[in-house]
Amino acid sequence: MIIVTGSQGFIGRHFLNTLQDQGKDIIEVDQQGAWYFKSNFDKWDQVELIIHQGAISDTTYTNLKALFSWNIEYSEWLFGEAIKYQIPIKYASSASVYGLQKDIINPLNYYALSKVTLEYWIQDHIDEFKLMQAFRYFNVYGTGEDHKGDQASPVSKFTKQIKEDNKLKLFEGSDKFLRDFVCVDDVLDIVLNNDKPTGFYDLGTSEPVSFKQVAEWVVDKYGGEIEEVPFPDHLKGKYQEYTCAKKEWGDYKFKTIPEYLEGLPAS
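Residues numbered from 1 in each chain as written. Predicted model: local features only at pLDDT ≥ 70, side-chain atom pairs only at ≥ 80, totals over all residues. Heavy atoms only, no water.

How should I be thinking about the packing of helix 1 (residues 10-21) against helix 6 (residues 184-193) in this particular structure?
The axes of two packed helices give the description: the angle between them and the distance between them. The contact between helix 1 and helix 6 brings their axes to 10 Å, and the two run at 60 degrees. Looking at the two axes, helix 1 sits oblique to helix 6. Both helix 1 and helix 6 take part in a crossing whose hand is right-handed. Across the interface between the two elements, Phe 10, Ile 11, His 14, Phe 15, Thr 18 and Leu 19 from helix 1 touch Val 184, Leu 188, Val 191 and Leu 192 from helix 6. Grouping the amino acids of the contact of helix 1 with helix 6 by side-chain chemistry returns 8 nonpolar, 2 polar and no charged. (Axes fitted to C-alpha atoms, helices over the stretch in contact; angles between N-to-C directions. Helix = DSSP H or I, 4+ residues; strand = E, 2+ residues; numbered from the N terminus. Parallel < 35°, antiparallel > 145°, perpendicular 65-115°, else oblique. Left-handed = near helix turned anticlockwise from the far one by under 90°. Contact = heavy atoms within 4.5 Å. Nonpolar A, V, L, I, M, F, W, Y, C, P; charged D, E, K, R; others polar.)

When you look at the side chain of His 14 in this model, what are you seeing that I'm missing?
Relative to the helices and strands, His 14 resides in helix 1. Judged by its relative accessible area of 16%, His 14 falls in the buried class. Within the structure, the side chain of His 14 is placed 2.7 Å from the backbone oxygen of Thr 143, a separation counted as a polar contact. Setting aside anything within four residues of it in sequence, one finds His 14 in contact with Thr 143, Val 184 and Leu 188. (Buried < 20%, exposed > 50% of the residue type's maximum accessible area, 1.4 Å probe, protein only. Polar contact = N/O pair within 3.5 Å; in protein donor to acceptor, adjacent residues only side chain to side chain.)

Mind showing me how you'd approach the sheet that holds strand 10 (residues 199-203) here?
By way of backbone hydrogen bonds, the strands of a sheet pair with one another, either parallel or antiparallel. Reading across from one edge, 2-1-3-4-5-10 is the order of the 6 strands in this open sheet, with parallel pairing throughout. Of all strands in the sheet, those bounded by a partner on one side alone are strand 2 (26-29) and strand 10. Each strand of the sheet is rotated relative to its neighbour by a mean of 20 degrees, with strand direction disregarded. Judged from the 4 bridges that link them, strand 1 (residues 2-5) and strand 2 form a sheet pairing that is parallel. Within strand 2, the position partnered with Val 4 by the bridge is Glu 28. Set on the sheet, helix 6 makes contact with strand 3 (49-52), strand 4 (89-94), strand 5 (132-137) and strand 10; between it and strand 5 the angle comes to about 165 degrees. (Pairing = 2+ DSSP bridges.)

So what exactly am I meant to see when it comes to the layout of surface pockets here?
Any empty space left between atoms is shown by rolling a water-sized probe over those atoms. The volume enclosed by the second largest pocket comes to roughly 280 Å³. Taken together, 18 residues line the second largest pocket, and the ones lying closest to its centre are Thr 205, Ser 206, Glu 207, Phe 254 and Thr 256. Tallied by class, the residues present in the lining of the second largest pocket amount to 8 nonpolar, 5 polar and 5 charged. (1 Å grid on protein atoms, 1.4 Å probe; cavity = no way out; pocket = protein on both sides within 12 Å on 5 of 7 lines; lining within 4 Å. Points joined across faces, edges and corners; volume = space filled by probe spheres on them.)

Would you mind showing me how to read the state of the cysteines here?
Covalently bonding the sulfur atom of one cysteine to the sulfur atom of another cysteine gives a disulfide. One pass over the structure, following the stated rule, counts 0 disulfides. With no disulfide of its own, Cys 183 lies 18 Å from the sulfur of Cys 244, the closest cysteine sulfur. Judged by relative accessible area, which is 1%, Cys 183 ranks as buried. Relative accessible area serves as the criterion here: at 8%, Cys 244 is assigned to the buried category. (Disulfide = S-S within 2.5 Å.)

Even after reading the chapter, I still don't get the packing of helix 5 (residues 154-165) against helix 7 (residues 211-222), so can you show me in this structure?
Running from amino to carboxyl end, helix 5 crosses helix 7 at an angle of 40 degrees, the nearest separation of the two axes being 10 Å. Classed by the angle they form, the pair helix 5 and helix 7 counts as oblique. When the axes of helix 5 and helix 7 are compared, the crossing they make is right-handed. Seen from helix 5, the contacting residues are Pro 154, Val 155, Phe 158, Thr 159, Ile 162 and Lys 163; seen from helix 7, they are Phe 211, Val 214, Ala 215, Val 218, Val 219 and Tyr 222.

Would you mind going over the pairing of strand 10 with me for this structure?
Taken residue by residue, a regular strand's side chains alternate between the two faces of the sheet. The buried count for strand 10 comes to 4 of 5 residues, which makes it a mostly enclosed element. Relative to strand 10, strand 5 runs parallel, the two sharing 5 bridges. Residue pairing across strands places Gln 133 opposite Gly 199, the latter belonging to strand 10.

I keep staring at the pattern of salt bridges and nothing clicks. Help me out?
Pairing between side chains of opposite charge can happen when the charged atoms of each approach one another. In this structure the tally under the stated criterion is 7 salt bridges. Two residues, Lys 246 and Asp 202, come together in a salt bridge whose shortest N-O distance is 3.3 Å. With Lys 246 in the loop between strand 12 (225-229) and helix 8 (257-262) and Asp 202 in strand 10, this pair connects stretches of sequence that are 44 residues apart. (Salt bridge = Lys/Arg side-chain N within 4 Å of Asp/Glu carboxyl O.)

Would you mind showing me how to read a nonpolar patch on the surface here?
On the surface, a cluster of nonpolar side chains totalling about 270 Å² of accessible area is made up of Leu 64, Tyr 110 and Leu 113. Relative to the elements of secondary structure, Leu 113 occurs in helix 4 (residues 110-124). (Patch = residues over 30% accessible without salt bridge, like charges linked within 9 Å, V, L, I, M, F, W, Y side chains within 5 Å. Areas by Shrake-Rupley, 256 points an atom, 1.4 Å probe, with all protein chains shown as cover.)

Could you clarify how one ought to interpret helix 5 in this entry?
Given 3.6 residues per helical turn, the α-helix brings residues three or four places apart onto the same face. Compared with an ideal rise of 1.5 Å per residue, which puts 12 residues at 16 Å, helix 5 spans 16 Å between its outermost C-alpha atoms and is within 8% of the ideal. Among the residues of helix 5, Pro 154, Val 155, Ser 156, Phe 158, Thr 159, Gln 161 and Ile 162 are the ones counted as buried. Those residues of helix 5 that are buried lie in contact with strand 6 (139-141), strand 7 (167-171), strand 9 (181-183), helix 7, strand 12 and helix 8. Following helix 5 by one or two positions, Asn 166 has its phi on the positive side, about 60 degrees. (Expected span 1.5 Å × (residues − 1).)

Shown next, in the form of structure tokens:
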């Protein structure tokens, strides 16, 4: 039996579908049923793995009470059960913990701070886990992001805008904003199939590209035009201008954005 939290979210649903296709016995835990699960689940001795993807993932969220409840308190409880019953954990942390730094923990917003806080809890208990792999996801993109709205990846957001309006909106100066974009297919493959020990791992391609380049790739695929818009005031000082994962995965061949776009329908 495998527990998948955040099963209705973008990445969580990919895990759910993949594991179900493999014939695995899955316990889904989404936001609606999370607290019921906490109070009533009693089959821990049958659980072979926990894939913890559930969290408030909006980087602009400012409700500290809710962030603490979902991103820290609930996770600490779940990890405590994993320690008690010696169940391996694969957990979705975030590259947002780095903020404007490449290798130094320096969160820029409340979401990132919640991820850092939980990472410190994990570090305090690291020797108690049977297996704890905490993956600092970089900018994950892929199919199934439509429900995320403004929090969707630029790959999906730009594609949606082009299809709807034949125009995509790009922040001024986006040639200088570089991110490490990683396809959700590669995230699943690495998380489910790696044999690394307990630890914290960057999960990205280690080859950042600019937002402007992403926009140009989308226009090359679908046509349309790029409209530059002013950079929003509310994001100033809270926006990662550059992210790049440490090389953790050897010669693994990550899917590129042009390769991903090539596999999408033409219209």
